[in-house]
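# Architecture at a glance
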Amino acid sequence: MAAYKHERAVGLATVLAIGKANPPTAYHQQRIHKVKSPICFSRLPTLNTRTPSRPNSFEFVIIRVSSRDIAIREVPRLAEKAAIQALEEWGQPRSQITHVVFATTSGVNMPGADLTLTRLLGLNPNINRIMLYQQGCFGGATVLRVAKDLAENNKGARVLTVVSELTSVTFRAPDEEYFDNLVASAIFGDGAACLIIGSDPVPKVERPHFEIHWSGETILPESDGAIDGRLTEGGLIFHLRKDVPKLISRNILPIFNKPVEVAGSPSWNEVFWCVHPGGRAILDEVEKTLNLKPEKLSATRNVLHDFGNINDLVEMRRFFTQY
Ligand SMILES: CC(=O)CC(=O)SCCNC(=O)CCNC(=O)[C@H](O)C(C)(C)COP(=O)(O)OP(=O)(O)OC[C@H]1O[C@@H](n2cnc3c(N)ncnc32)[C@H](O)[C@@H]1OP(=O)(O)O
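Keep in mind that this is a model prediction, so the values were computed, not measured. (Residues numbered from 1 in each chain as written. Predicted model: local features only at pLDDT ≥ 70, side-chain atom pairs only at ≥ 80, totals over all residues. Heavy atoms only, no water.)

## Comments concerning the pattern of salt bridges
Tallied over the entire structure, the rule returns 15 salt bridges. The closest approach of N and O atoms between Arg77 and Glu74, which form a salt bridge, is 3.3 Å. Placement of both Arg77 and Glu74 in helix α1 (residues 69-90) is noted, with a separation of three residues, approximately one turn of the helix. Residue Arg77 is classed as partly exposed on the basis of its relative accessible area, which comes to 41%. Note that Lys148 is salt-bridged to Glu152, the shortest N-O span being 2.7 Å. One end of the pair, Lys148, and the other, Glu152, are both in helix α3 (residues 139-153), four residues apart, so they sit about a helical turn from each other. In terms of burial, Lys148 and Glu152 fall into one category: buried. (Salt bridge = Lys/Arg side-chain N within 4 Å of Asp/Glu carboxyl O. Helix = DSSP H or I, 4+ residues; strand = E, 2+ residues; numbered from the N terminus. Buried < 20%, exposed > 50% of the residue type's maximum accessible area, 1.4 Å probe, protein only.)

The structure is reproduced here in structure tokens:
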């Protein structure tokens, strides 16, 4: 009997389709203190243009973990909407999806959001699933890195790559002790994005948007506790050090050398890339440090303005639409 031979793809991973979804209900920050829901309570200060202002008075209410159960139900549903859009754009039968890679920071449950999504979409039960919880904004880049490896190392792999976030898990009334939590409540946004990733696109059948040439990660020096989240009885308590924007700008140049080298371009203004919309101060620092033309971050700033700090995959869709 011939030995089993594992076959790898020939080409680089490509993005074959993109879908995105946002929850149907949106409340302007000016109105949010009037909204009544199981997870929204007490008084919130008025937040102007995503700028936190200190409240004159506040009540801190511990939110029951059960209120966070909304995320268990709604995170896969939002992902499903984004996935349907991507599958329609791709135009191939769902039975050809071989892997699901799913990331969310909005809760932890077992079996996870990847299983629920697989069932909602009616995908093959033998599909290979990878669930990544608590990646934060790193989730978008991480699912792309994992999907790239899967697509390039498994001939014919078609990877449904998803991130879905509902920031209700970090949303709470202001507390003077945890002012950074208010920053998170003020700037984080809800949304889902889905990419179908595969190598060696079928000519005249699949129409890739991009090739993924490089993906990597690094741990920044002096970054201990800079962005920190703990799942507690009161939900996910989030901590952000005030120096996050400076921490990023101090370290950005050596880290970015590798992708620029791969892209073969000496100029940040020429390379096709986008920045996670972490916060206005972060974007200002990146723009200044890399000497970017203002239009280079315009898609990111628009996403931050319209949706808040939302996952990078969602931003990619917007970026693509603009070019
Ligand atoms: C989800 C993930 O895992 C990954 C992520 O994306 S994490 C999020 C990363 N983003 C950040 O860290 C936010 C970076 N910060 C910013 O973009 C801006 O500071 C901001 C948009 C939040 C506010 O900008 P601004 O309107 O110019 O006001 P700014 O002067 O910076 O701050 C207003 C007040 O908030 C305070 N503040 C800002 N960031 C704070 C923080 N992390 N902790 C505590 N206080 C903070 C400031 O000290 C200031 O208070 P005072 O008036 O008493 O001095």
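Next, the rest of the story.
## Quick look at the confidence of the model for the protein chain
Should the pLDDT be low somewhere, the predicted coordinates at that spot are not to be read in detail. This prediction gives the protein chain a mean pLDDT of 83; 83% of its residues lie at or above 70. Of all helices and strands in the protein chain, the one with the weakest mean pLDDT is helix α8 (residues 312-322) (54), whereas helix α2 (residues 113-121) scores best (98). A low-confidence stretch, residues 36-65 stays under pLDDT 50, and its non-local contacts, those more than four residues away or across chains, total 75 contacts. Confidence metrics for the complex model read pTM 0.87 and ipTM 0.93. (pLDDT = per-residue confidence, 0-100. Contact = heavy atoms within 4.5 Å.)

## Observations concerning the sheet that holds strand β3 (residues 128-133)
Ordered by their spatial adjacency, six strands build an open sheet running β3-β2-β4-β5-β1-β6, and the pairing between neighbours is mixed. Unpaired on one side and paired on the other, β3 and β6 (210-211) mark the two borders of the sheet. For strand β1 (residues 13-21) and strand β5 (residues 191-199), the ladder comprises eight bridges, and the chain directions are antiparallel. Note that in β5 the partner of Ile18 across the bridge is Leu195. Here α1 sits on the sheet in contact with β1, β2 (99-104), β4 (159-165) and β5, set at roughly 130° to β1. Sheet contacts for α3: β1, β2, β3, β4 and β5; angle to β4, the most-contacted strand, approximately 170°. (Pairing = 2+ DSSP bridges. Axes fitted to C-alpha atoms, helices over the stretch in contact; angles between N-to-C directions.)

## A word on unusual backbone geometry
Leaving glycine aside, a negative phi is the common case for residues, and trans is the common case for peptide bonds. Of the consecutive residues Met110 and Pro111, the connecting peptide bond is found in the cis state with omega at -5°. In this fold, Pro111 is placed in the loop between β2 and α2. Non-glycine residue Glu222 carries a positive phi angle of around 60°. With respect to the helices and strands, Glu222 occurs in the loop between β6 and β7 (227-232).

## Overview of the packing of aromatic side chains
One pass over the structure, following the stated rule, counts two aromatic pairs. Taken together, a centroid distance of 5.2 Å and an interplanar angle of 90° make the contact between Phe188 and Phe238 edge-to-face. Taken together, the residues Phe188 in the loop between α4 (179-187) and β5 and Phe238 in strand β8 (residues 235-240) connect sequence positions 50 residues apart. (Phe/Tyr/Trp six-rings, centres within 6.5 Å; stacked < 30°, edge-to-face > 60°.)

## Some points on the packing of helix α5 (residues 244-263) against helix α6 (residues 280-289)
In a packed pair of helices, the relevant descriptors are the angle between the two axes and the axis-to-axis distance. The contact between α5 and α6 brings their axes to 9 Å, and the two run at 25°. Looking at the two axes, α5 sits roughly parallel to α6. Considering the relative orientation of α5 and α6, their crossing is right-handed. Together, Val244, Pro245, Lys246, Ile248, Ser249, Ile252 and Leu253 of α5 and Ala281, Ile282, Glu285, Val286, Lys288 and Thr289 of α6 make up the contact between the two elements. Looking at the contact of α5 with α6 residue by residue, the class counts come to eight nonpolar, two polar and three charged. (Parallel < 35°, antiparallel > 145°, perpendicular 65-115°, else oblique. Left-handed = near helix turned anticlockwise from the far one by under 90°. Nonpolar A, V, L, I, M, F, W, Y, C, P; charged D, E, K, R; others polar.)

## Focus on the pairing of β1
Within β1, eight of the nine residues are buried, which leaves the element mostly enclosed by the surrounding structure. Two strands pair when backbone bridges link them, and β1 and β6 are joined in this way by two bridges, in the antiparallel orientation. Following the sheet pairing, Thr14 is matched in β6 by Glu211.

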